[in-house]
Amino acid sequence: MNPPATPGVISDQMAPDFLLAVEGLTVSFDGFKAVNDLSFYVDEREIRVIVGPNGAGKTTVLDLICGKTRATSGSIKFRNRELTKMNEAKIVQAGIGRKFQTPSIYDDLTVFENLEISYPKGRSVFGALAFKRDAAVTERVQEVAEMIFLQDRLHERAEFLSHGQKQWLEIGMLLIQDPDLLMLDEPVAGMSVSERVKTAELLNKIIANRSIIVIEHDMKFVEDIAHRVTVLHQGKVLSEGSMDHVKHDPKVVEVYLGH
Amino acid sequence: MKNTAFLNRSELIAVAILAVLILVVLPMSLDGFRLNLVGKYLTYAFVALGLVMCWGFGGILSLGQGIFFGLGGYCMAMFLKLEASSVENTKIQSTPGIPDFMDWNQITSLPWFWEPFKSLPATMLLVVGVPVLLAFILGFAMFTRRVGGTYFAIITQAIAAILTILIIGQQGYTGGINGITDLRTLNGWDIRTDDAKFILYFVSAGLLFACILIAYFVKHSKLGRILVAMRDKEDRVRFSGYNVSNFKIFVFCLAAAFAGIGGAMFTLQVGFMSPSFVGIVPSIEMVIYAAVGGRLSILGAIYGTLLVNWAKTAFSESFPELWLLGLGGLFIAVVLAFPNGLAGIYTSYAEPFIRKLMNKKPDILPGGNIPQGSPAE
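Here the residue numbers are simple positions, counted from 1 along each chain's written sequence. To label them, take the chains in the order written and letter them from A, then take the ligands in the order written and number them from 1. Totals for whole chains, interfaces and linings use every residue, but because this is a predicted model, local features are given only for residues with pLDDT of at least 70 and side-chain atom pairs only at 80 or more, for both listing and counting. Hydrogens are left out, water is left out, and the side-chain values use all remaining heavy atoms of the structure.

Quick word on the overall build of chain B
The helix count covers DSSP runs of H or I at least four residues long, the strand count covers runs of E at least two residues long, and both are numbered beginning at the N terminus. Secondary structure assignment for chain B yields 15 helices and two strands. We compute the radius of gyration over the C-alpha atoms and compare it with the globule rule, which gives 2.2 Å times the number of residues raised to the power 0.38. Computed over C-alpha atoms, the radius of gyration of chain B comes to 21 Å, within 12% of the 21 Å expected from 2.2 N^0.38 for 377 residues, which places it in the range of a compact globule. Throughout, exposure labels follow a simple rule: accessible area from a 1.4 Å probe, protein chains only, divided by the maximum for the residue type, with under 20% read as buried, over 50% as exposed, and the rest as partly exposed. Burial analysis of chain B (377 residues in total) assigns 54% to the buried set. Summarising the internal contacts of chain B: among those between residues at least 6 apart in sequence, 78% fall at separations of at least 24. Areas reported here follow the Shrake-Rupley algorithm with a probe of radius 1.4 Å; residue values treat only the protein chains shown as occluding. Entry remark: accessible area of chain B is about 16500 Å², with carbon and sulfur atoms responsible for 69%. Charge counting treats Lys and Arg as positive and Asp and Glu as negative, with His and both chain ends excluded. To locate a charge, take NZ of a lysine, CZ of an arginine, CG of an aspartate or CD of a glutamate. When the 26 basic and 20 acidic side-chain charges of chain B are each reduced to a single mean position, those positions are 13 Å apart. Pairs of residues are marked as contacts when any of their non-hydrogen atoms sit within 4.5 Å.

Right under this line is the structure:
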């Protein structure tokens, strides 16, 4: 897993192995490089956890991948398709789902409607006008609702859900799109212990046939789910590997405990 | 599943009640003059209806709906003016056959953009087409650049001001500050008689109900729910694979189309069109109609328009100077105390009572509520 030295050449040969290849990614905000020449690769069906101190650029990396922020330079290839030039909707349609840090759901709609809007059909203006709530849609919504433990609350307005349930609902809204890459920004933040356990269970259920990138601070949770861990520091990869490897890396210890 | 139906039962009843009021009760109880006034109010209701779609559901506050009302009205007025300016009627002019104000401004031939208005079908198309085209251009320019909220409201207001100045400045082409007056016939049918006004009232009401049904259709489609979702969490919609700006452009164009139809019916019933219905003040007044009625309620907007205008007529007959203050006060009171307007008062006070009478459980009303205290966003 050595990052290739000359991205152009190698990515042609090796790209099929990677679901996501981030190479030389840099973004600067008024001269401040939040992400600085960052490269990392995510395999098919991998759960990758990104950790790092505050301001390391974790959320910015997700923003760059999903198109919320535009890269200053570098490339992001998803199944060999360059994402840095695509608009947000196209990136979603290519198969990337992203959950925001604070639960981002539609308070004024019911749980059912929240999930239905994310169902990948009728996404154009006239498609949405002609959209029919057929059996396939209802079935899929039910199915996802069961996975996210909300099957009994489908017809309640989403604003009445608890914080943890809102987080699950947003994960469900991504699941219904069946993305190949799911990006979760602190999915267990603000959850109770029992909710955390259920969320880990949920994540383990949904990894079949997809890769996940998770940002998380809760080290217990990270140990539970991570295949590999990437430690970011000042916009760069500080260390990468298994949780064990990363925990004992002197550079990581230095950053977390040294200052 | 009933959310996907075209109209649910309680909405059907509410529309029927409004229909009885507008089509039966008012025509039977009012004299011709008053009924014509109500007809005029109904043309503003088209604009308020558009604002419910665009502002209430979509969260896009436009302070320039007068632009589209005016454009629709001017399109109709241009057709009527050309018909009234036949060579026969204008033989004392130095150039017979063109509108009188052009002649006064030393214009000797009909400008090119007046040509399509010689034909009634073309005019009917343009009454909707011109406002929609302008809304599309504005929407495209602003929404794809993610201009929204207050900035959007201010820009629409500026455009309303620009359009007024343009119309007033180009007197020879537009009739200037006086507008387009002395309109007589529609395809030979005299629109100034009491009978014509009576018929036009019903045409206007019929079109309004058609627009109301379109509004309900959009509200109950998935598009309606996407609008509400966008108002709530625009980024979440965008990152669910939707091109958010297209939806905003659509609803803004829809509101413009409604306003254009309203403007055309206004011209027909009132008999003239002038820049005073295009600018900033009427545009803001129209927002107040929607706010008073309840910007989340399709029918609330209609009641709001009728009530505010009725109050305007009643007050300005007795205290003409005080009316504007009263209107401003009303707006502030609604925003502070009843952010969901009359419809909000109805759903929080009257409806539970009626349900109790009928012994029914409350429905879930998706998109029916909005966080209080953020009415201008």
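A look at the layout of surface pockets
Residues and elements named next belong to chain B. Roughly 660 Å³ of volume is contained in the second largest pocket. We place a 1 Å grid over just the protein atoms. Points where a 1.4 Å probe fits but has no way out form a cavity, open points with protein on both sides within 12 Å along at least 5 of 7 lines form a pocket, and any residue with an atom within 4 Å of a point lines it. In this structure, the second largest pocket is lined by 24 residues; those nearest its centre are L71, M78, F113, V130 and L163. Sorting the residues of the lining of the second largest pocket by element identifies α3 (65–84), α5 (120–143), α6 (149–169) and α7 (171–174) as the ones contributing at least two each. With six residues, the single largest contributor to the lining of the second largest pocket is α5. Polarity classes work like this: nonpolar for Ala, Val, Leu, Ile, Met, Phe, Trp, Tyr, Cys and Pro, charged for Asp, Glu, Lys and Arg, and polar for all others, with Gly in that last group. Residue classes in the lining of the second largest pocket are distributed as 22 nonpolar, two polar and no charged. Grid points are joined across faces, edges and corners, and a volume is the space filled by probe spheres set on the points.

Considerations on the packing of aromatic side chains
Pairing of aromatic side chains requires ring centres within 6.5 Å, counting the rings of Phe and Tyr and the six-membered ring of Trp. Pairs whose planes differ by under 30 degrees are stacked, by over 60 edge-to-face, and all others tilted. Under the criterion given, the structure shown has 22 aromatic pairs over all chains. Between F136 of chain B and F140 of chain B, the aromatic rings sit 6.0 Å apart at their centres with planes inclined by 20°, giving stacked as the arrangement. Of this pair, F136 of chain B and F140 of chain B both sit in helix α5, four residues apart, which is roughly one turn of the helix. With relative accessibility at 40%, the residue F136 of chain B sits in the partly exposed group. Consider the rings of F143 of chain B and F252 of chain B, whose centres lie 6.1 Å apart with planes at 85°: the pair is edge-to-face. In this pair, F143 of chain B is assigned in helix α5 and F252 of chain B in helix α11 (residues 244–270), connecting sequence segments 109 residues apart. You'll find F143 of chain B and F252 of chain B in the same group, each marked buried. Through a chain of ring-to-ring contacts, the aromatic side chains of Y44, F69, F266, F272, F277 and Y289 of chain B assemble into a single cluster. We count a charge as sitting over a ring when the NZ of a lysine or the CZ of an arginine lies within 6 Å of the ring centre and within 35 degrees of the ring normal. The side chain of K198 of chain A reaches across the aromatic face of F149 of chain A, ending 4.6 Å from its centre.

Description of the side chain of K222 of chain B
Summarising the element assignment, K222 of chain B is placed in helix α9 (residues 222–232). A pair is scored as a salt bridge if a Lys or Arg side-chain nitrogen falls within 4 Å of a carboxyl oxygen belonging to Asp or Glu. Put simply, K222 of chain B is tucked away with no salt bridge, and the nearest opposite charge, on E116 of chain A, sits 6.9 Å away. Throughout this description, a polar contact denotes any pair of N or O atoms lying within 3.5 Å of each other; where both atoms belong to protein, one of them has to be capable of donating a hydrogen while the other can accept it, and for residues adjacent in sequence the pair is counted only when both atoms sit in side chains. Polar contacts involving the side chain of K222 of chain B include one to the main-chain carbonyl oxygen of K121 of chain A, which spans 2.4 Å. Excluding residues that lie within four positions of it along the chain, K222 of chain B makes contacts with E116, I117, Y119, K121, G122, A128 and F131 of chain A together with Y242 of chain B.

Structural notes on the nonpolar core
Only buried Ala, Val, Leu, Ile, Met, Phe, Trp, Tyr and Cys residues count toward a nonpolar core, and they belong to the same one when joined by side-chain atoms within 4.5 Å. Ranked by size, the top nonpolar core spans 169 residues in total, and within it L115 and L169 of chain A together with F69, I212, L223 and I298 of chain B carry the most contacts. In this structure, I298 of chain B is in contact with L49, V52, F57, I212, A215, Y216 and K219 of chain B, ignoring residues within four places of it in sequence. By size, the runner-up hydrophobic cluster in this structure holds 31 residues, among which are L25, V35, L62 and L83 of chain A.

Description of unusual backbone geometry
Positive phi, normally seen in glycine, also occurs at Q234 of chain A, with a value near 50°. By relative accessible area, Q234 of chain A is classed as exposed at 58%. Of note in this structure, N187 of chain B is not a glycine but carries a positive phi near 50°. Here N187 of chain B is to be found in the loop between β1 (185–186) and β2 (189–190). Given the relative accessible area of 58%, N187 of chain B is considered exposed.

Description of the state of the cysteines
Residues and elements named next belong to chain B. In what follows, a disulfide is any cysteine sulfur pair within 2.5 Å. Across all of its chains, the model carries zero disulfides over all chains by this definition. Cysteine C75 remains unbridged, with the sulfur of C253 as its closest cysteine sulfur at 15 Å. Unpaired in terms of disulfides, C211 finds its nearest cysteine sulfur in C253, a separation of 15 Å. In this structure C211 comes out as buried when scored by relative accessible area, which is 4%.

As for a nonpolar patch on the surface
To count toward a patch, a residue needs a relative accessible area over 30% and no salt bridge; like charges are then connected within 9 Å, while nonpolar side chains (Val, Leu, Ile, Met, Phe, Trp, Tyr) are connected within 5 Å. A cluster of nonpolar residues, V20, L23, V24, V25 and M28 of chain B, forms a patch on the protein surface that exposes about 430 Å² of accessible area. Topologically, M28 of chain B is positioned in helix α1 (residues 9–29).

Let's talk about the pairing of strand β10 (residues 236–241) of chain A
All names here are of chain A. By this definition, two strands are paired if DSSP reports at least two bridges between them. Bridge count for strand β9 (residues 228–233) against β10 is five bridges, and the pairing is antiparallel. Looking at the pairing, L232 lines up with V237 of β10. The antiparallel hairpin formed by β9 and β10 contains two residues in its connecting segment, where Q234 sits at a positive phi of about 50°.

Examining the sheet that holds β9 of chain A
Residues and elements named next belong to chain A. Strands sit in the order β6-β7-β8-β3-β9-β10 across an open sheet of six strands; the sheet is mixed. The outermost strands of the open sheet, each flanked by one partner alone, are β6 (96–99) and β10. Sheet twist, expressed as the mean angle between neighbouring strand axes with direction ignored, is 15°. Pairing between strand β3 (residues 47–51) and β9: four bridges, direction parallel. An axis is simply a line fitted to the C-alpha atoms; with a helix, the fit covers only the stretch in contact. Between two such axes, the angle follows the N-to-C directions and lies from 0 to 180 degrees.

Comments concerning the pattern of salt bridges
Residue and element names in this part refer to chain A. Enumeration over the complete set of coordinates arrives at 35 salt bridges over all chains. With its nearest N and O atoms 3.5 Å apart, the salt bridge here joins D43 to R228. Placement of D43 in strand β2 (residues 32–43) and of R228 in strand β9 is noted, with a sequence separation of 185 residues between them. We classify R228 as buried; its relative accessible area is 17%.

A few points about the confidence of the model for chain B
A score from 0 to 100, pLDDT tells how confident the predictor is in each residue. Residues at a pLDDT of 70 or more form 94% of chain B, whose mean pLDDT is 90. Interface confidence for the predicted complex, expressed as ipTM, amounts to 0.86; the pTM equals 0.89.

Topic: the interface of chain A and chain B
Each partner contributes residues to the interface: chain A has 39 residues there, and chain B has 36 residues. Counting every contact that joins chain A to chain B gives five salt bridges. One can count 14 residue pairs in polar contact (both at pLDDT 80 or more) joining chain A with chain B. Taken together, the elements giving at least two residues each to the side of chain A that touches chain B come down to α3 (88–94), β6, α4 (111–118), α5 (125–130) and α7 (163–175) of chain A. Per-element tally for the side of chain A that touches chain B: the top contributor is α4 of chain A, with five residues. Residues that form the side of chain A that touches chain B fall into these classes: 18 nonpolar, eight polar and 13 charged.

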